[in-house]
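Here are the chains, one letter per residue:
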Amino acid sequence: MTEKIQAIRGMNDILPAETALWEYFEDTVRGWVRAYGYLGIRTPILERTELFVRSIGAVTDIVEKEMYTFVDELNGESLTLRPEGTASCVRAAIEHNLLYAGPQRLWYRGAMFRHERPQKGRYRQFHQVGVEALGFAGPDIDAEHIVMCARLWRRLGLDGIELELNTLGGTEARARYRARLVKYLERHHDTLDADSKRRLHTNPLRVLDSKSPALQGLIEGAPRLVDDLDEESLRDFEALQVRLRAAGVAFTLNPRLVRGLDYYNGAVYEWVTDRLGAQGTVCAGGRYDELIEQIGGKPAPACGFAMGVERLLALMKTAASAVPGIAPDVYLVHQGEAADRFADQVAERLRDSGIGVLTHCGGGSFKSQMRKADASGARFAVIIGDDEAQAREVSIKPLREAAAQTRVALDEAVDLIRRVCDPRSVIGNQESPSRT
Ligand code: ATP
Ligand code: MG
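Draft legend 1. Summary view of the pattern of salt bridges. Evaluated as defined, the whole model comprises 24 salt bridges. Between Glu18 and Lys317 there is a salt bridge whose closest N-O contact spans 3.2 Å. Of this pair, Glu18 sits in helix α1 (residues 16-35) while Lys317 sits in helix α11 (residues 309-319); the two residues are 299 residues apart in sequence, bridging distant segments of the chain. Classification of Glu18 as partly exposed rests on a relative accessible area of 30%. What makes Lys317 partly exposed here is its relative accessible area of 49%. A network of salt bridges, in which partner residues are shared, links Asp61, Glu64, Lys65, Asp195, Arg198 and Arg199.

This is the structure in structure tokens:
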């Protein structure tokens, strides 16, 4: 036998048994972004490498060791599979002058790629949903983003996600802090690991983001950025906290919170849970007022956040959130030549009314078809023999309750099934319900 070909390590197939949960999540997200007036944007998965180097920062984990970068053999260009969504979103907004029409509330979703060590909650291809507000100075919009996240957790039936908040201040405050931090780290040079030594002079704030257990004591004792903060940042940060308290969103201030990407300034935050082991950050974001200019746009303030879909789905599983099934409403059983032809019409007529129908294919006895109907999870079997076909009627057998089989005219069948099944839950129905 020929050898099997397997998927790439850290890149997962999402199999049919999983898709109900994914689709429920995606439907919920669509209703949620609409509730806040965010418009979708879809950008290519491949970008010029330079875009990420300039935005995320050359001396970050992502750019130094996690990117899938290769040279396009045809023209020698260096290309990278996107490791995150913000850079592409901002690039597209600049390229198409979106900000000329005023500030933009945008959202995206899709696969991201990072060459990390695969483990639970950490993959090489993973998915994010992200939200960006371009051209907004805050702190009102920062509060909107955080309140918005809290609403999504509620809609998904998730609790136990906590908000950690910090501010990185303006450029000058960070420069002052950086100098102080470098002095401190130099005094403890012997304790630093190789990564941190390398970063000491290129990107010392990154040292605070180190996950190495050996460094946690050192990080704990490091000087705090809050002591260097400028008045404006402090004022904005205070105003943000006031808004969050008013909205009833609880948070913890974490002065050690720096983000793994260089473009952040001002308020930054992470949503974390202790229910997922080491990979407990489900969503992260903040302000990035200099990014638009850094990648060639006219200066404009902005902020946003991105969530890890796999981690949120894992959390939904631990919370056993009620996820509607994707079983069909009807399994259509039919036998005989006239019945076959009538069955096709019946199926389309039911679908016209928003009812989900799985039509039996491949023949077989009534008995074996009924077994398949049962296994499909459908609410009803609609049964058509040549008898029914002749009379333009159908027999309906409820499969999930002990009720008798009835024989009715087609229109009556449509009414009866519609009354029981919520047509909005049908796969492929255009309008997805908001479930809260
Ligand atoms: P971490 O500290 O866990 O590496 P990060 O700071 O690198 O996260 P971000 O770049 O802020 O992550 O991405 C936003 C979110 O995307 C994270 O909070 C997480 O939920 C998710 N995420 C990031 N990397 C991965 C990955 N390799 N696999 C699965 N989800 C991920
Ligand atoms: Mg990371």
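Draft legend 2. Local environment of unusual backbone geometry. Of the consecutive residues Gly138 and Pro139, the connecting peptide bond is found in the cis state with omega at 5 degrees. Within the chain, Asn97 stands out as a residue other than glycine whose phi angle is a positive 50 degrees. Positive phi, close to 55 degrees, is recorded for Arg392, a residue that is not glycine. Along the chain, Arg392 turns up in the loop between α14 (386-391) and β15 (393-398).

Draft legend 3. View of α11. Buried within α11 are the following residues: Val309, Glu310, Arg311, Leu312, Leu313, Leu315 and Met316. Among the structural elements, α1, β6 (125-134), α5 (140-155), β10 (281-287) and β11 (302-308) are those in contact with the buried residues of α11.

Definitions and limits used
Residues numbered from 1 in each chain as written. Chains lettered and ligands numbered in written order. Predicted model: local features only at pLDDT ≥ 70, side-chain atom pairs only at ≥ 80, totals over all residues. Heavy atoms only, no water. Salt bridge = Lys/Arg side-chain N within 4 Å of Asp/Glu carboxyl O. Helix = DSSP H or I, 4+ residues; strand = E, 2+ residues; numbered from the N terminus. Buried < 20%, exposed > 50% of the residue type's maximum accessible area, 1.4 Å probe, protein only. Contact = heavy atoms within 4.5 Å.

Structural measurements only, silent on function.
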